[in-house]
Amino acid sequence: MTETREVIIIGSGPAGYTAAIYTSRANLKPMLFQGPQPGGQLTITTDVENFPGYPKGVLGPDMMEDLKAQAERFGTEIKFEEVIEVDFSTRPFVVKTDFDEFKTNAVIISTGASAKLLGLDSEARLMGNGVSACATCDGAFFQGKEVMIVGAGDSALEEAQYLTRFATKVTVVHRREELRASKIMADRARENPTIAWALNRTIQEIHAGDDGKVNAVTMLNTQDQSTANVATDGVFVSIGHKPNSDLFKGQLDMNDVGYLTVTPGRTQTNIPGVFACGDVTDHIYRQAVTAAGTGCMAAIDCERWLEGQGH
Ligand code: NDP
């Protein structure tokens, strides 16, 4: 056990690093735990073209390295460790990793959310090369191409609509007959002539051409178990997200699917001194820039709270 820190930040996506930049510039000497996926979801994408300040775009992993370097420049102590337990019932709070235990006066949670994936080896291998879990991030790369989107919830159908701005054909691949999406979203998608339907189908394998980019999938018909190879330029997976909040169950308020609850318009959780930002609190926008924005808010909320506590 070391001395009590002023603030510990859990998570290393745009929210966590932005909170680190702000709290370190406020001289709070933050310690940031990177967690199991250092850099977060942006490390599994390629070009990011919608983050302000990069007129030519930037590679997701490069942007996260830049954010990390910026946080380190002002004195953030970055730990390549995963937090396995927290205790918010006493003050100072306790944060445990596999290796150590830390005490801290305040905590900023920025553990993000993980896009659910199909679990295919080819999906992991081709992520960023035609496979994507974010239509808003990657749709524009498919101008004039044909893509598939897996899932039939509101997100998938909203993203299918969005993808029709670029792609000449968007095929919704869904494992059963009935759509999960709300009627209004389903009707809108059905009325869109650029959207095609592959119902009662799952994707068994994703294939790439010599250029290393997606060019086809093996599709399984779930009714007669037949398979077929179908050409496509891209596969978007939109089968839901899971907020990374298991660590806080029983201690922090969260909604029924696990998004942490914060005071509306602020970043305060139900425990004074514990703040949350980024995708672990946000099932609506889920963008790097909104995560960075709430990371800044959490840092300012945290700084003011600590000041109010006489720190
Ligand atoms: P959902 O859980 O609603 O939908 C997930 C979809 O993915 C379902 O069609 C599901 O199939 C499918 N799926 C899940 N796992 C697999 C798998 N392993 N293989 C193949 N398919 C799979 O998630 P969403 O992200 O769409 O929505 C989350 C919440 O956010 C919902 O409450 C939604 O209403 C809300 N939302 C609202 C919006 C709006 O109002 N504009 C926009 C976006 C989201 P199955 O149906 O068979 O289970």
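### A word on the sheet that holds strand 10 (residues 131-132)
Moving on, step 1. The parallel open sheet is built from five strands, whose spatial order is 10-17-11-12-13. The open sheet is flanked by strand 10 and strand 13 (195-199), the only strands paired with a single partner.
Moving on, step 2. Its contacts with the sheet put helix 5 (residues 154-163) on strand 11 (146-150), strand 12 (169-174), strand 13 and strand 17 (234-237), and the angle it makes with strand 11 is roughly 170 degrees.

### Description of the domain arrangement of the protein chain
Moving on, step 1. Each assigned domain of the protein chain is listed with its residue range as follows: domain 1 (5-114 + 241-308) and domain 2 (117-237).
Moving on, step 2. On a C-alpha basis, the centroid separation for the pair domain 1 and domain 2 is 31 Å.
Moving on, step 3. Each side of the interface is counted separately: domain 1 has eight residues, and domain 2 has seven residues.
Moving on, step 4. In this assembly, domain 1 packs against domain 2 so that about 700 Å² is buried in total across both faces, 48% of it on carbon and sulfur atoms.

### Observations concerning the site of the ligand
Moving on, step 1. Around the ligand, a shell composed of 14 residues is seen, among which Asp154, Ser155, Arg175, Arg176 and Arg180 lie nearest.
Moving on, step 2. Between an oxygen atom of the ligand and a side-chain N or O atom of Asp154, the distance comes to 2.6 Å.
Moving on, step 3. Here a nitrogen atom of the ligand sits 3.1 Å away from a polar atom, N or O, in the side chain of Glu158.
Moving on, step 4. The dominant element in the shell around the ligand, judged by the number of residues it contributes, is helix 5, at three residues.
Moving on, step 5. Residue composition of the shell around the ligand, grouped by class: three nonpolar, six polar and five charged.

### Some details on the pattern of salt bridges
Side-chain pairs of opposite charge can arise whenever the charged atoms involved come near each other.
Moving on, step 1. Under the counting rule described, the total for this entry stands at 10 salt bridges.
Moving on, step 2. Here Glu77 and Lys79 are joined by a salt bridge, their closest N and O atoms 3.8 Å apart.
Moving on, step 3. Here Arg190 ties to Asp187 by a salt bridge, and the two come within 3.8 Å at their closest N and O atoms. Here the residue Arg190 and the residue Asp187 both occupy positions in helix 6 (residues 183-191), the gap between them amounting to three residues, near one helical turn.
Moving on, step 4. Among the charged side chains, a salt-bridge network with shared partners connects Arg5, Glu77 and Lys79.

### What to know about the packing of helix 5 against helix 6
Moving on, step 1. In contact at an axis separation of 10 Å, helix 5 and helix 6 are set at 30 degrees when each is read in the N-to-C sense. With respect to each other, helix 5 and helix 6 are oriented roughly parallel. Handedness of the helix 5/helix 6 crossing: left-handed. Facing helix 5, whose interface residues are Asp154, Leu157, Glu158 and Gln161, helix 6 presents Met185, Ala186, Arg188 and Ala189.

### Observations regarding the nonpolar core
One recurring pattern in soluble globular proteins is that nonpolar side chains are buried together.
Moving on, step 1. If you look at the biggest cluster of nonpolar residues, it comprises 30 residues, and the most contacted ones within it are Val7, Ile9, Tyr17, Met63, Ile108 and Cys302.
Moving on, step 2. For this core, the secondary-structure elements that each account for two or more residues are strand 1 (4-10), helix 1 (14-25), helix 2 (60-73), strand 8 (101-109) and helix 7 (288-308).
Moving on, step 3. Those residues in contact with Ile108 that lie beyond four places of it in its chain are Val7, Ile8, Ile9, Ile10, Ala19, Thr23, Phe275, Cys277, Ala298, Ala299 and Cys302.

### Concerning the pairing of strand 1
Within a regular beta strand, the side chains point alternately toward one face of the sheet and then the other, so they alternate between its two faces.
Moving on, step 1. Of all seven residues in strand 1, five are buried; the element is thus mostly enclosed.
Moving on, step 2. Two elements, strand 1 and strand 8, share six bridges in a ladder whose sense is parallel. Paired with Thr4 across the strands is Lys103, a residue of strand 8.
Moving on, step 3. Chirality of the crossover, the property in question, places the unit of strand 1, helix 1 and strand 2 (residues 31-33) among those that are right-handed.

### Observations regarding the packing of aromatic side chains
How two aromatic rings sit relative to each other is set out by the distance from centre to centre and by the angle between their planes.
Moving on, step 1. As enumerated under the stated definition, the model contains seven aromatic pairs in all.
Moving on, step 2. Geometrically, the ring pair formed by Phe88 and Phe248 is stacked, given 6.2 Å between the ring centres and 10 degrees between the ring planes. Taken together, the residues Phe88 in the loop between strand 6 (83-87) and strand 7 (93-97) and Phe248 in the loop between strand 18 (241-243) and strand 19 (274-276) connect sequence positions 160 residues apart.
Moving on, step 3. The class of Phe88 is buried, set by a relative accessible area of 4%.
Moving on, step 4. Ring pairing ties together the aromatic residues Phe88, Phe93 and Phe248, which thus form one cluster.

### Things to note about the packing of helix 1 against helix 7
Moving on, step 1. In contact at an axis separation of 7 Å, helix 1 and helix 7 are set at 35 degrees when each is read in the N-to-C sense. The way helix 1 lies across helix 7 gives a crossing that is right-handed. Between helix 1 and helix 7, the residues in contact are Pro14, Ala15, Thr18, Ala19, Tyr22 and Thr23 and Ala288, Ala291, Ala292, Gly295, Cys296, Ala299 and Ile300, respectively.
Moving on, step 2. Looking at the contact of helix 1 with helix 7 residue by residue, the classes come out as 10 nonpolar, three polar and no charged.

The rules behind these values
- Residues numbered from 1 in each chain as written.
- Predicted model: local features only at pLDDT ≥ 70, side-chain atom pairs only at ≥ 80, totals over all residues.
- Heavy atoms only, no water.
- Pairing = 2+ DSSP bridges.
- Helix = DSSP H or I, 4+ residues; strand = E, 2+ residues; numbered from the N terminus.
- Contact = heavy atoms within 4.5 Å.
- Axes fitted to C-alpha atoms, helices over the stretch in contact; angles between N-to-C directions.
- Domains from an automatic or database assignment.
- Buried area = accessible area lost by both parts, 1.4 Å probe.
- Near = heavy atom within 4 Å.
- Polar contact = N/O pair within 3.5 Å; in protein donor to acceptor, adjacent residues only side chain to side chain.
- Nonpolar A, V, L, I, M, F, W, Y, C, P; charged D, E, K, R; others polar.
- Salt bridge = Lys/Arg side-chain N within 4 Å of Asp/Glu carboxyl O.
- Parallel < 35°, antiparallel > 145°, perpendicular 65-115°, else oblique.
- Left-handed = near helix turned anticlockwise from the far one by under 90°.
- Core = buried A, V, L, I, M, F, W, Y, C linked by side-chain atoms within 4.5 Å.
- Buried < 20%, exposed > 50% of the residue type's maximum accessible area, 1.4 Å probe, protein only.
- Right-handed = clockwise from strand over helix to strand, strands pointing away.
- Phe/Tyr/Trp six-rings, centres within 6.5 Å; stacked < 30°, edge-to-face > 60°.

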